[in-house]
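# Coordinate inspection notes
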Amino acid sequence: MIQSLPLLEKRVLIPRGEHQAKSFSQLVERYGGIPIEIPLIAFRPIEKNQHLNEALLALDTYDWIIFTSNVTVETFFSFLKKEGVGDAFPKIAVIGKKTGEVLTDMGLSPQFVPSAYVAETFVEEFIPLIGKGTRVLVPKGNLAREYIAISLTKAGAHVDEVVIYETYMPDESRIKLARMLADQQLDILTFTSPSTVDHFMAVVKEYRLDAHLKNCIIGCIGPVTEKKLRAYGLTVHASPEEYTVKEMINSTIAYLDREE
């Protein structure tokens, strides 16, 4: 039982879609905050194409498959029939605790999870597991970085990247975000990826709302997201060492405690 409510009546931007927002919003409510769900990022599977079809048909020829998010897992398996998963499925590497949990729920066990949920750490710790000619499949979104593929290729692996979904900002989110920022109805802004920052700032610039951000507290997950925020000239108040929503909220609360 939480004795105090450190986010009491604070309106917190939840930048995720309805399927990913629930646990995030519940955590904010648990601390007394008011979750404002405005998906800054949404995902849709691409149209199945020859490159994707070839990768799926050749799945048993890969030594490893790397999943970088739960969206990647869910989208990949929407293309791959469940009965296609068996002994021939490659070894699985993941970035992120949630990604691993989604796979576990599907009856699959990741063979590799890095100590920190960021691409740089993943590469550093994963490279000793591969050798020259190791075949690696990396399903990804259209805006995902190529850092993993480039790094593993330099280390001697044969890496196939295949785009399986595209990222966009829903029109209804654009309108709702502009209205709430203009009316100063957001106290805490949270960002979970560089794409959420880009989409957010596109609205800010379009509606000339820069001045409306000055009193907002900003929290984020991961150094790449933090770098993106700072590139826009924004101050980052909370950026935890463990790249999870829970730790981002804890870090934000710690900042609020220091400011009292």
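Treat the numbers as computed from the prediction; the structure is a model and nothing was measured. Throughout this description, residue numbers start from 1 for each chain and increase along the sequence as written. Predicted model: local features are reported for residues with pLDDT of at least 70 only, side-chain atom pairs are reported and counted for 80 or more only, and whole-chain, interface and lining totals are derived from all residues. Neither water nor hydrogens contribute to the side-chain values; these are computed over all heavy atoms in the structure.

## Some remarks on the overall build of the protein
Looking only at helices and strands, the protein features 10 helices and nine strands. Its C-alpha atoms give the protein principal-axis dimensions of roughly 55 × 35 × 35 Å. The contact rule is simple, with two residues in contact once any of their heavy atoms fall within 4.5 Å. Taking contacts inside the protein between residues at least 6 apart in sequence as the whole, the part at least 24 apart equals 67%. Entry remark: accessible area of the protein is about 13400 Å², with carbon and sulfur atoms responsible for 48%. Residues scored as positive are Lys and Arg, those scored as negative are Asp and Glu, and His as well as the terminal groups of each chain are ignored. A single reference atom marks each charge: NZ on Lys, CZ on Arg, CG on Asp, CD on Glu. Charge centroids of the protein, computed over 28 positive and 34 negative side chains, lie 2 Å from each other. Each helix is a run of DSSP H or I of at least 4 residues and each strand a run of E of at least 2, with the numbering of both proceeding from the N terminus. All accessibility values rest on the Shrake-Rupley procedure with a 1.4 Å probe; residue burial counts only the protein chains present in the view.

## A few points about the layout of surface pockets
The computed volume of the second largest pocket comes to approximately 320 Å³. In terms of lining residues, the second largest pocket is bounded by 19 residues, among which Gly17, His19, Gln20, Ala42 and Phe43 are the most central. By the convention adopted, Pro, Cys, Tyr, Trp, Phe, Met, Ile, Leu, Val and Ala count as nonpolar, Lys, Arg, Asp and Glu as charged, and the other residues, Gly among them, as polar. Considered class by class, the residues forming the lining of the second largest pocket number eight nonpolar, six polar and five charged. The way it works is a 1 Å grid over only the protein atoms, where trapped points that fit a 1.4 Å probe form a cavity and open points with protein on both sides within 12 Å along at least five of seven lines form a pocket, and then any residue with an atom within 4 Å of a point lines it. Grid points are joined across faces, edges and corners, and a volume is the space filled by probe spheres set on the points.

## Structural notes on the packing of helix H7 (residues 171-182) against helix H8 (residues 194-206)
Interhelical geometry of H7 versus H8 gives an angle of 60 degrees and a closest axis separation of 10 Å. Regarding the angle of H7 to H8, the classification is oblique. Considering how the two elements wind past one another, H7 and H8 form a crossing that is right-handed. Across from Arg174, Leu177, Ala178 and Leu181 in H7, the residues of H8 making contact are Phe200, Val203, Val204 and Glu206. For the contact of H7 with H8, a count of residues per class yields six nonpolar, no polar and two charged. Note on geometry: axes are C-alpha line fits, over the in-contact stretch for helices, and angles between N-to-C directions span 0 to 180 degrees. Any angle between 65 and 115 degrees counts as roughly perpendicular, while under 35 counts as roughly parallel, over 145 as roughly antiparallel, and the rest as oblique. Definitions for this section: a left-handed crossing has its near helix turned counterclockwise from the far helix by less than a right angle. A right-handed crossing has that turn clockwise.

## A closer look at the sheet that holds strand S6 (residues 135-141)
Pairing is mixed in the open sheet, where five strands are placed in the order S3-S7-S6-S4-S5. In this open sheet, the two strands that pair with only one neighbour each are strand S3 (42-45) and strand S5 (91-94). Here the strands of the sheet are splayed against their neighbours by 30 degrees on average, with no regard to which way each runs. At least two DSSP bridges between two strands are required for those strands to pair. Sheet topology places S3 next to strand S7 (residues 158-168); four bridges connect them, and they run antiparallel. Within S7, the position partnered with Ala42 by the bridge is Tyr168. The strands touched by helix H4 (residues 97-105) are strand S4 (64-67) and S5; relative to S5, the strand with the most contacts, the crossing angle is about 145 degrees.

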